[in-house]
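Notes for the structure review
Here is what each chain is made of, one letter per residue.
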Amino acid sequence: MGSYILKRLVSAIPVLLGITVIVFAIMALIPGDPATAILGSYATPENVEKLNRDLGLDKPAVQRYAIWLWNMVQGDFGRSFSLNRPVLDEVLDRFGATLVLAGTSFVLCSVVGVAAGVVSAARQYGAADRGITFAVLLGISIPSFFLGMMMILLFAVRLRWFPASGMWPIYGDRHLWVLLRHLTMPALALAVVATGVVARLARSAMLEVLRQDYIRTARAKGVPERGVIWRHALRAAMVSIIPVLGIQAGFVLSGAVYIEMVFQWPGVGRMLVDAILKRDILLVQGGVVFVAACYVLFNIVVDVAQSLLDPRIKT
Amino acid sequence: MGVLTWTRRGVLATGTALALSLGLPAAAQTPPGVLIVGQIAEPKALDPAAVTAVNDFRILMNVYDGLVRYKSGTLEVEPALATSWEISEDGTEYAFALREDVSFHDGSPFDAEAVVFNFERMLNEDHPFHDTGPFPLAFFFSSVASVEAVDELTVKFTLSEPYAPFLSNLAYPTGLIVSPAAVEQYGADFARNPSGTGAFTFAEWRSNEAVVVEANPDYWDGAPALQAVVFRPITDANTRTAEMLAGGIDMMVEVPPVALSEFRGDSFRIFEQAGPHVWFLILNAKEGPFADKKVRQAANYAINKEALVNDVLEGTAEVAAGPTPPAFAWAYNEALEPYPYDPEKAKALLAEAGAEGAELTFFVTEGGSGMLDPIAMGTAIQADLNAVGFDTRIETYEWNTFLGEVNPGLEGKADMAEMAWMTNDPDTLPFLALRSEAWPDKGGFNSGYYSNPEVDELLEKARVATDQDERATLYKQMQEIVQEDAPWVFVANWKQNAVTSDRVEGFELQPSFFLLLDEVTKN
């Protein structure tokens, strides 16, 4: 097992190196440079050249890449020029906020989606099924950023139930309760589409299972309907639901970008959009590499866990 | 089945209870005495020498003072940290008498040495704290040859050549004075631990959430009425509008034109103020149809500027008459009338020049500082030009890419390009963008290659004249010639806007576009 983990970790190194090359190349090749972005209308060739020199961008690309990589290996991601603080501090702060938002949405979409799918399948063609199917169709058809804006208009501007934006109140203590108040709308808006997808898949997976002989057997031997559905059928259906949940986790994480923009959530997606617009090279590079490293690590953990659970996967 | 029903009801009840308890404590009112300002972005730094964006200036102007400042409601210079100054005959020496008994927020004294430290840090590459930069706008003071402390409260600047905009550059945020002791203490982190002499003292900066400043009770110009100001970055304009409507902020700047109608009513106040901004089209006077002055004038007649400012910009701008915005009241030529919208005259001029059906490549940007609504404006302009017989093709670029295309000059690429400038002195824009010596290959912004020796001479003269009336006469002459030569299509002067809740009193927008809050109160 240990050697398998080691092998996977070693094989991640070329992947990460490839990512550093790609993100560095993209930032080096896109038109517009940080000095122009900083100087705006004052970007004379002379000023741009001086500022590039001050920023250390006058060196050849290969040399800059080597310096950047070497510093990063030592844990120094550099300093963001647009925020004037260490890139790693900023990325860690922002990534934490994104995890809170995306994690909540993921839990929401898993629990609600699976439950809706199960109820829908259990009451096939009943009123509950039709209601849920309609709601699901509506849910997956509404773009999350639009839903978010409508929620702000209704619940923040009209009814004033929830704060319109941000993660923490401007004044007062930071405790779980106020975080939940700020989290409710963005997490719901982000979860809606994923919930719809999960519910649809859970419904068809359940219907598939409910047709099996052993379900008929369970019913025949007198297991109460609730037990049949939740214990026997759902457990079997989860095998095909779980991979979908995995995909939805990625979807929720990337969809967080829009929601972070709409709700001013201080997450990593919004950070990257701002950084790209400002041509904050080190922040973009550091942010992308960090997020990519997390994905790679997450995948390794999942693979290792799966190999532990499923003996068919060779170690 | 009964259990299932109970469970379902239980879930419903729990959910409702949760929703109610989360939602019920209605969004708290912002506290009195604390002004919460919706900003358009996270500030880059709170070091005035290091920043370039109006967004950052809005915070900085409340934390720092300069030697001089703009008189409220104008763009004319008045004393601030300097109480008076003397300019030598030849206009190369400026001696400032400094205000007594002023301290920085960190307790260190403000004196001549502090002023010297500030300018040395920015301009002298060998200064021990020059590495706290980069200082992108240091060239505002590139004419400064030396700064010396004559005595404790007198500081003398020697310029390498006479440079009339020097005083108004000192009033610009780049000239704000920072505490040398704080720079020495924090080094590169000074930008997140600022210390000045201004009406508000820096309290905290929570990344991506807020910058908080608190009243400075010892402010030399009278302690502010507010206890504190919170600057919240809300980059999305729709969210900023919603947050204002929801009562989460007390003041927002740069309200999108279409959202202004939301705030017409008793619970809000709308402020508008024309500023030193001009939105124009650079025309390529070197090659193609616009090399002919008649065709350039035809473009000025062809475009319906009234429709642009009223319909596209919803009245958030005024029609521009020439290259100098009216906000520079002392230097603006009141006699100038904008080119009227006259498509027939445009057609006649085109026929005279034999340029009917001329093909134009038009560079349009997607956004950018001061560019207002560039895509919609570009489309309307294209339609107007085509209506009089041009054949206009738009090429759209993202802002940074756009600058990279336009600033090196339009030759071989385009016939016209959108552009907008906000400046602090009537010298800046024409000097950098209309002189023959300012063609891109000479390091200027004259991307359309306009050249008129008369204009060159007027601008050179105005720059070295120290008498304001004399400068005003020269600028007025320049505006007349430039309007007639039409190197640009003069389109609009932006009116900056802001909205406050009815709890905010004593607020005024400044023509400088700075946000000054020391007289504001909030109930």
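First, a word on what this report is: a plain description of the structure on this page. (Residues numbered from 1 in each chain as written. Chains lettered and ligands numbered in written order. Predicted model: local features only at pLDDT ≥ 70, side-chain atom pairs only at ≥ 80, totals over all residues.)

Residue and element names in this part refer to chain B. Taking strand neighbours across the sheet as the criterion, the four strands line up as β4-β5-β7-β6 in an open arrangement whose pairing is antiparallel. The sheet is open, and its two borders are formed by β4 (82–87) and β6 (144–151), each paired with just one other strand. The mean angle between the axes of side-by-side strands here comes to 20 degrees, regardless of whether they run parallel or antiparallel. Summarising the sheet, β6 and strand β7 (residues 154–159) pair through six bridges and their orientation is antiparallel. Residue S146 lies in a different strand from β7, and its bridge partner there is T158. (Pairing = 2+ DSSP bridges. Helix = DSSP H or I, 4+ residues; strand = E, 2+ residues; numbered from the N terminus. Axes fitted to C-alpha atoms, helices over the stretch in contact; angles between N-to-C directions.)

This part covers the environment of D218 of chain B. Considering the arrangement of structural elements, one finds D218 of chain B in the loop between β9 (210–215) and β10 (228–233). For D218 of chain B and H105 of chain B, which are 113 residues apart along the polypeptide, the C-alpha to C-alpha distance reads 9.1 Å.

In this assembly, 49 residues from chain A lie in contact with 44 residues from chain B. For the side of chain A that touches chain B, the elements supplying multiple residues, two or more each, are α2 (34–39), α3 (45–55), α5 (87–122), α7 (144–158), α8 (176–210) and α10 (225–262) of chain A. With six residues, the top contributor of residues to the side of chain A that touches chain B is α3 of chain A. In terms of residue class, the side of chain A that touches chain B is made up of 27 nonpolar, twelve polar and ten charged. (Contact = placed C-beta atoms within 7 Å. Nonpolar A, V, L, I, M, F, W, Y, C, P; charged D, E, K, R; others polar.)

Ranked by internal contacts, the top residues of the largest apolar core, which has 224 residues, are A202 of chain A together with F280 of chain B. Top element by residues in this core is α8 of chain A. It accounts for 17 residues. Inspection of this core shows a minimum of three residues originating in each of domain 1 (34–267 + 502–522) and domain 2 (275–495) of chain B. Those residues within four positions of F280 of chain B in sequence are excluded, and the remaining contacts are A320, M419, W488, V489, F490 and V491 of chain B. (Core = buried A, V, L, I, M, F, W, Y, C linked by C-beta atoms within 7 Å. Buried ≥ 20, exposed ≤ 12 C-beta atoms within 10 Å, placed from the backbone. Domains from an automatic or database assignment.)

Residue and element names in this part refer to chain B. In this structure, E314 takes a positive phi of about 50 degrees despite not being glycine. Assignment of secondary structure puts E314 in the loop between α8 (305–312) and β14 (317–319). Even without being glycine, F513 reaches a positive phi, approximately 70 degrees. Mapped onto the secondary structure, F513 falls in the loop between β19 (504–505) and β20 (521–522). The exposure class assigned to F513 is buried, which follows from the 21 C-beta atoms found within 10 Å.

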